[in-house]
Amino acid sequence: MTKHSEGFIDHQIVRPIPNLTFVYTVIIRFDTIENLKKWMESDNRKKMIEKVSPLFRKNDNYKIKSGLDFLFESKSETKVPVRWKQYLATWSAIYPLSLLIPLVLLPFLRLLKIPTNHYFDGLIISGGIVFLMVYVVMPNYTKLIRKWLYK
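Counting restarts for each chain: residues are numbered from 1 in the order of the written sequence. Whole-chain, interface and lining totals are the exception, using all residues; otherwise, since this is a predicted model, local features are given only for residues with pLDDT of at least 70 and side-chain atom pairs are given and counted only at 80 or more. The side-chain figures draw on all heavy atoms in the structure; neither hydrogens nor water molecules are used.

### Notes on the packing of aromatic side chains
Here is step 1 of the chain: Any pair of Phe, Tyr and Trp rings, taking the six-membered ring for Trp, is counted once the centres come within 6.5 Å. Such a pair is stacked with planes under 30 degrees apart, edge-to-face with planes over 60 apart, and tilted for the rest. Inspection of every chain in the model, using the stated rule, returns four aromatic pairs.
Here is step 2 of the chain: Ring centres of tryptophan 84 and tryptophan 148 lie 6.0 Å apart, and the angle between their planes is 80°; on these two criteria the pair is classed as edge-to-face. One end of the pair, tryptophan 84, is in helix H3 (residues 83-111); the other, tryptophan 148, is in helix H5 (residues 146-149), and 64 residues separate them in sequence.
Here is step 3 of the chain: Exposed residues in this analysis have more than 50% of their type's maximum accessible area, buried residues have under 20%, and partly exposed residues fall in between, with area computed by a 1.4 Å probe over protein chains only. With a relative accessible area of 34%, tryptophan 148 lands in the partly exposed category.
Here is step 4 of the chain: Between the aromatic rings of phenylalanine 131 and tyrosine 135, the centroid separation amounts to 5.0 Å while the plane-to-plane angle is 40°, which identifies the pairing as tilted. In this pair, phenylalanine 131 and tyrosine 135 both sit in helix H4 (residues 118-144), four residues apart, roughly one turn of the helix.
Here is step 5 of the chain: The exposure class of tyrosine 135 is exposed, given its relative accessible area of 59%.
Here is step 6 of the chain: For a Lys NZ or an Arg CZ to count as sitting over a ring, it must be within 6 Å of the ring centre and within 35 degrees of the ring normal. In this structure, lysine 85 packs its charged tip against the face of tryptophan 148, placed 5.2 Å from the ring centre. Numbering of helices and strands starts at the N terminus; helices are DSSP runs of H or I of at least 4 residues and strands are runs of E of at least 2.

Right, dumping it as structure tokens:
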């Protein structure tokens with residue numbers, strides 16, 4: 001059983017959305033990738049997969065991800081950049097945003113007559129930064145620095 005495996009943290013089952021999706025996703029968290037790999041290759045897991053395989057529409061399919069790897073996914077690359085490059089790329093993208101976004105959003109909030117509130121301002125600013133990072137900056141930035149990232 002997964003719960004008794006070394007390094008197991010927790011699991012989550014993401015159920016399909018009725019009339020929209022048909023895929024169940026199981027997210028299993030371990031303390032290290034090594035412990036996760038041990039579990040994925042274990043006899044216990046193989047037995048569990050054999051038991052439920054008649055319920056699968058397709059073969060057992062899994063991906064091992066950690067942290068912010070989704071920001072570095074590439075259709076042309078099969079591997080994920082090393083962590084220190086992920087760190088530098090993320091930091092170098094967030095730093096200018098953390099300087100620019102408050103300059104843009106705070107005057108806009110005051111224009112809307114929203115009073116100054118450190119916590120609310122922080123919520124809006126961080127939301128803006130994360131939105132831009134996930135949808136605008138990182139998809140383009142990772143293409144720009146692809147050679148360095150995957151070297």
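Past the structure itself, the notes keep going.
### So, the pattern of salt bridges
Here is step 1 of the chain: Only one rule defines a salt bridge in this text: a Lys or Arg side-chain nitrogen within 4 Å of an Asp or Glu carboxyl oxygen. For the coordinates displayed, the defined rule picks out three salt bridges.
Here is step 2 of the chain: Between aspartate 121 and arginine 110 there is a salt bridge, with the nearest N and O atoms lying 2.9 Å from each other. Placement of aspartate 121 in helix H4 and of arginine 110 in helix H3 is noted, with a sequence separation of 11 residues between them.
Here is step 3 of the chain: Judged by relative accessible area, aspartate 121 falls into the buried class, the value being 8%.
Here is step 4 of the chain: Assessed through its relative accessible area of 27%, arginine 110 is described here as partly exposed.

### Digging into a nonpolar patch on the surface
Here is step 1 of the chain: Residues enter a patch when their relative accessible area is above 30% and they make no salt bridge; the linking distance is 9 Å between like charges and 5 Å between nonpolar side chains (Val, Leu, Ile, Met, Phe, Trp, Tyr). The method behind every accessible area is Shrake-Rupley, applied with a 1.4 Å probe, and residues are considered shielded solely by the protein chains displayed. Nonpolar side chains collect at one region of the surface, where Val82, Trp84, Tyr87, Leu88, Trp91, Tyr95, Leu99, Leu100, Leu103, Val104 and Trp148 lie side by side and expose about 1,200 Å² of accessible area between them.
Here is step 2 of the chain: With nine residues, H3 is the largest single contributor of residues to the nonpolar patch.

### Focus on unusual backbone geometry
Here is step 1 of the chain: Even without a glycine there, the phi angle at asparagine 19 is positive, about 65°.
Here is step 2 of the chain: Looking at asparagine 19, the relative accessible area reads 81%, which means it is exposed.

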